[in-house]
Amino acid sequence: QIQVVEFGGGLVQTGGSLELSCAVSGCIVSACDMGWFRQALGQEREFVGSMSTSGSTNYGDSVKGRFTISRDDPENTLSLQMNSLKPEDTAVYYCAAWSIGSLTSPLGYRYWGQGTQVTVSS
């Protein structure tokens, strides 16, 4: 059984930075395709970024150049560094593991964390 837990959400001002972490048990992150998604109130879950087992990353258009995904193999965690945050980045952020389809689609992952709230104040 794979379990996914996100850490690091909170309140930050516009232009600020925040780092989210995703701890995974039951799967080695370097052997699992991983992804980050977010869901704002009343909106559909949106692709933020992904890291494949090869270490290749891909980002959604709205976060390219501002967000960076990295992997800590000894700690078995995946991080999302978010810079130059905007109010429109406010959402619940989810980490996902174990791809069963497209890495950019919420339908492409089997295991999900409970989500962590990120709020960017203007």
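Residues numbered from 1 in each chain as written. Predicted model: local features only at pLDDT ≥ 70, side-chain atom pairs only at ≥ 80, totals over all residues. Heavy atoms only, no water.

Trainee: Tell me about the state of the cysteines, and name the residues and values.
Mentor: The final tally for this structure, using the stated rule, is two disulfides. There is a disulfide in this structure between Cys-27 and Cys-32, and the S-S distance comes to 1.6 Å. Judged by the sign of its S-S torsion, about 125°, the cystine formed by Cys-27 and Cys-32 is right-handed. For the protein chain, the disulfide bridges join cysteines in the arrangement 1-4, 2-3, where the cysteines are counted in sequence order. (Disulfide = S-S within 2.5 Å.)

Trainee: If you had to explain unusual backbone geometry to someone new, which residues and values would you point to?
Mentor: Backbone geometry at Asn-76 places phi at a positive 55°, although glycine is not the residue there. Among the structural elements, Asn-76 can be located in the loop between strand S7 (67-72) and strand S8 (77-82). The exposure class assigned to Asn-76 is buried, which follows from its relative accessible area of 16%. Backbone geometry at Ser-84 places phi at a positive 50°, although glycine is not the residue there. Its place among the elements puts Ser-84 in the loop between S8 and strand S9 (91-99). Among the residues examined, Ser-84 registers a relative accessible area of 42% and is labelled partly exposed. (Helix = DSSP H or I, 4+ residues; strand = E, 2+ residues; numbered from the N terminus. Buried < 20%, exposed > 50% of the residue type's maximum accessible area, 1.4 Å probe, protein only.)

Trainee: Tell me what's going on with the environment of Leu-78, and back it up with residues and numbers.
Mentor: For Leu-78, the location among the structural elements is in strand S8. Once the C-alpha coordinates of Leu-78 and Ser-30 are considered, the two residues, 48 residues apart in sequence, prove to be 9.4 Å apart. Once you skip the residues sitting within four places of it in the chain, Leu-78 turns out to touch Leu-20, Ser-21, Cys-22, Met-34, Trp-36, Met-51, Ile-69, Ser-70 and Arg-71. (Contact = heavy atoms within 4.5 Å.)

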